[in-house]
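Working through the structure, step by step
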Amino acid sequence: MTNGKNAAVPMPLSPSGAEGGTSFTVARPLRREDWWKQRLPRFLSALGPMLLVLTWMAPLAAPAAAAIPLQGLLPLAVTSSACVLSGATGSSATSIYAVTATPNDSVDDTASIQGRINAAGIAGGGVVKLSTGTYIINGKLQMQNNVTLEGQGPGTILKAGPSFTNNTGPAGGYPLVTTAGADNTTLSHFTADQSGDTLNGNVAGRLNEYVIDVRESMNSLVQDVHTKNPFTYSIAFVGGSGWCVRDSSTQSATNGKYVELDGIHAMNTSDGDIVGNIVDQRKGTDGDDGIAVHTFGDEDVHDIRIANNNVRGGRHGAGIDLAGGSGVIYNINLTGNTVWGSPRGLHDAYYDGTKQIHHIQIVGNTFMNNDIKTTGGAVDFERPVTYVTMTDNTACNSGDYRLPPGTGNINARNTYTALC
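Only a predicted model underlies this, so the values are computations on that prediction, with no experimental measurement involved. (Residues numbered from 1 in each chain as written. Predicted model: local features only at pLDDT ≥ 70, side-chain atom pairs only at ≥ 80, totals over all residues. Heavy atoms only, no water.)

So, the pairing of strand 17 (residues 291–294)
Both faces of strand 17 are covered, namely the face carrying Ile291 and Val293 and the face carrying Ala292 and His294. Sheet topology note: the strand 14 (residues 264–267)/strand 17 ladder contains 4 bridges and is parallel. Opposite Ile264, over in strand 17, you have Ile291 as the bridge partner. (Buried < 20%, exposed > 50% of the residue type's maximum accessible area, 1.4 Å probe, protein only. Helix = DSSP H or I, 4+ residues; strand = E, 2+ residues; numbered from the N terminus. Pairing = 2+ DSSP bridges.)

Section: the pattern of salt bridges
Evaluation of the coordinates by the stated rule reveals 10 salt bridges. Taking the shortest distance from any N to any O, the salt bridge between Arg215 and Asp213 comes out at 2.9 Å. Each member of the pair, Arg215 together with Asp213, is buried. Between Arg402 and Asp380 there is a salt bridge; the shortest N-O distance is 2.6 Å. Remark: Asp380 occurs in strand 26 (residues 379–380) and Arg402 occurs in strand 29 (residues 401–402); sequence separation between them is 22 residues. What makes Arg402 partly exposed here is its relative accessible area of 33%. (Salt bridge = Lys/Arg side-chain N within 4 Å of Asp/Glu carboxyl O.)

Focus on the environment of Ser248
Within the fold, Ser248 resides in the loop between strand 12 (241–246) and strand 13 (249–251). Given a relative accessible area of 3%, Ser248 falls into the buried group. In this view, Ser248 contacts Val222, Gln223, Asp224, Val225, His226, Ile235, Gly276, Asn277 and Ile278; residues no more than four positions away in its chain are not counted. Here the side chain of Ser248 touches Val225 through a polar contact of 3.0 Å, landing on its backbone nitrogen. (Contact = heavy atoms within 4.5 Å. Polar contact = N/O pair within 3.5 Å; in protein donor to acceptor, adjacent residues only side chain to side chain.)

Focus: the side chain of Gln281
By the element assignment, Gln281 lies in the loop between strand 16 (278–280) and strand 17. Residue classification places Gln281 among the buried residues on the basis of a relative accessible area of 0%. Within the local environment of Gln281, its side chain forms a polar contact with the backbone oxygen of Leu261, the two atoms lying 2.8 Å apart.

Section: the side chain of His265
Position of His265 relative to the elements: it lies in strand 14. Taking relative accessible area as the criterion, His265 reaches 0% and is therefore assigned buried. A distance of 2.8 Å separates a polar atom in the side chain of His265 from a polar atom in the side chain of Asp262.

What follows is the structure, encoded as structure tokens:
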């Protein structure tokens, strides 16, 4: 990540979050996306008597269940890539809108796919189905409310065509798919190929929109989506809230063509999950940060869970970067990630201001074979931070941990070995 990130101009957001505090829940005004957080306790409270009745009846229905404690009846168990912080579910629509365009030819398929997305949106939602094969995209696909865009897996490919850079998306960039303010969307089971290996992606507005661009949207789910050949950030969340990217992958494999190729990027957004992904920005020499949490202007980014990802940051960046500025980064939970082969594991950076990063949890991560072999190769906070909990992490062949003294900072039970 370099200062050039400021070329990206996000849409205005409402201010959120109060700076400072002494707990991991920072007071802020209720926003529309927080309604479920207030209602969930009331729901569970109302559900309690019903669960007690079910528990009392269990021996009558199934004797083996009688020994299960009450909490065992609640849906507490989650998979490693569950969207537990955001609660994002994406589209709830089930009506099928099959794309009739023929894949694997040289015909531009933008209009055909966009037509089905629009039809589903007009009908109140739907699932736009793509077959296996390569679809040429010379335009920019724009999602509608309550719509799913679904392929058959990595073999369904949306590929930037030869005229892809001749036009821009609604925010002046080059997304293959953008939500552009649409709510309740799902992108799933396909590959997005921006063709940065064959196109000249060094064009005006390159950093205004991204390969998969989730922008100013609520309840957005990206799952099993794989990006390749980017000339901008790969999967990005800008503004909005209540989003999740899981079981997806990014890669940067070009050499000497581009800079600032982040893998997964969260900017001026909140209430998100980045879970169970494989991020590799170092297949070539052009890659930047693997996962970046970034403030732009004076907007904040907060309440994001980064868990169980496998991350290799590019030559120009870090595995995971907390990029602060005039806005504040807070309430970030990093748990169970493996960060390897990067210049640094976890790093803080400041680009357009000096607001303090605070309330960060770094627990149970592994840092392996990163470039810097002295202090700070695993975790490197270069500027003052507060309320950072860094415990039970493991580092090998990566340098040690650097956490400056600060109010509420905890540095305990972290291990380091010279060899992995």
